[in-house]
Structure formats: structure tokens, C-alpha cells
Amino acid sequence: QVQLVESGGGLVQAGGSLRLSCAFSRGTFSRYAMGWFRQAPGKEREFVAAKNWSGSSTYYADAVKGRFTISRDNVKNTLYLQMNSLKPEDTPVYYCAAQIGSPRDYVSQGEYDYWGQGTQVTVSS
């Protein structure tokens, strides 16, 4: 059973930066497409960014394009999300997700079989 553990969340002022990490274990990381999603209280989980298994293709939500960068290290079995120019609306819990092979739709949470427990990001204005 694949295990995902997020870290790196915290409190930051608007305009600041954070880097989230997602440690992958109990599987072959390089075979999995990886994504980041986020969920605010009372709202649906929404897509943030994703990378295919090789890292050659990247997908971003319009809300974070140009500010966030997703990357993966297939040697360290880790997924990253560099978040710059943070805004208060970037505040929710961030989750990483994994799906073996190539999802039909990288932005759909239903395409991912494995999820981490989440890490809280709080951006103060």
C-alpha cells in the first residue's frame, strides 16, 4: 500500500513563500503520476498541480499558475510544491496524491488512488 506523507506547511505572511514536500513510500515512485490538491473548510477539494510519472508533463490550476512550481525527485521519492507570492486564499489544507501510470484527467481527484494526510498552510494578510 503506497504511503504519502506531506510536510512543510505552516504560517506565512501574504507575499511570502513555502515549500511543501510529499514523501512517497511502499511503491515505485517513478511509476506514479503525482498531484497536489487543496481543501478549505466547507469547500470541495480542488486541483492545484500535477506531474506525470516521468516529470515531462506538468499541469497547474489557473489560480496558481506563475506562482507555484511542482517538481519531483525520482531518486529521493519526493514530490515538492514551491509556493511563492502567497495570498490569503491559498490558505487551505494541502494534500498530495498518487496514481499509477497516467490518469485520464490529471485535475480530477477521482483519478488518484492514494492520498496523504494533508498539511495546513495559513497565509495571513
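This text goes with the structure placed above it.
Residues numbered from 1 in each chain as written. Predicted model: local features only at pLDDT ≥ 70, side-chain atom pairs only at ≥ 80, totals over all residues. Heavy atoms only, no water.

Draft legend 1. Representation of the pattern of salt bridges in the model. Going through the model one piece at a time under the given rule, you end up with five salt bridges. Note that E111 is salt-bridged to R104, the shortest N-O span being 3.2 Å. (Salt bridge = Lys/Arg side-chain N within 4 Å of Asp/Glu carboxyl O.)

Draft legend 2. Region of the structure containing the state of the cysteines. Applying the stated criterion to the full structure yields one disulfide. A disulfide bridge connects C22 with C96, and the sulfur atoms are separated by 2.0 Å. Measuring the twist about the S-S bond at about 45°, one finds the C22-C96 disulfide to be right-handed. Taken together, the residues C22 in strand β3 (residues 18–25) and C96 in strand β9 (residues 93–100) connect sequence positions 74 residues apart. Assigned by exposure class, C22 and C96 land together as buried. (Disulfide = S-S within 2.5 Å. Helix = DSSP H or I, 4+ residues; strand = E, 2+ residues; numbered from the N terminus. Buried < 20%, exposed > 50% of the residue type's maximum accessible area, 1.4 Å probe, protein only.)

Draft legend 3. Molecular detail of the environment of G15. With respect to the helices and strands, G15 occurs in the loop between β2 (10–13) and β3. Linking G15 and V123, residues 108 residues apart in sequence, is a C-alpha distance of 8.7 Å. Discounting chain neighbours no more than four positions away, the residues touching G15 are S85 and L86. (Contact = heavy atoms within 4.5 Å.)

Draft legend 4. Examining the pairing of strand β8 (residues 78–83) more closely. In terms of burial, β8 is a largely internal element, five of the six residues being buried. The sheet contact formed by β3 and β8 spans six bridges and is antiparallel. For A23, the partnering residue across the bridge sits in β8 and is T78. (Pairing = 2+ DSSP bridges.)

Draft legend 5. Local environment of the environment of S54. Mapping S54 onto the fold places it in the loop between β5 (46–51) and β6 (58–60). Of the residues examined, S54 reaches a relative accessible area of 36% and is grouped as partly exposed. Here the alpha-carbon distance between S54 and R72, two residues 18 residues apart in the chain, equals 8.9 Å. Among the polar contacts made by the side chain of S54, one reaches the side chain of S56 at a distance of 2.9 Å. (Polar contact = N/O pair within 3.5 Å; in protein donor to acceptor, adjacent residues only side chain to side chain.)

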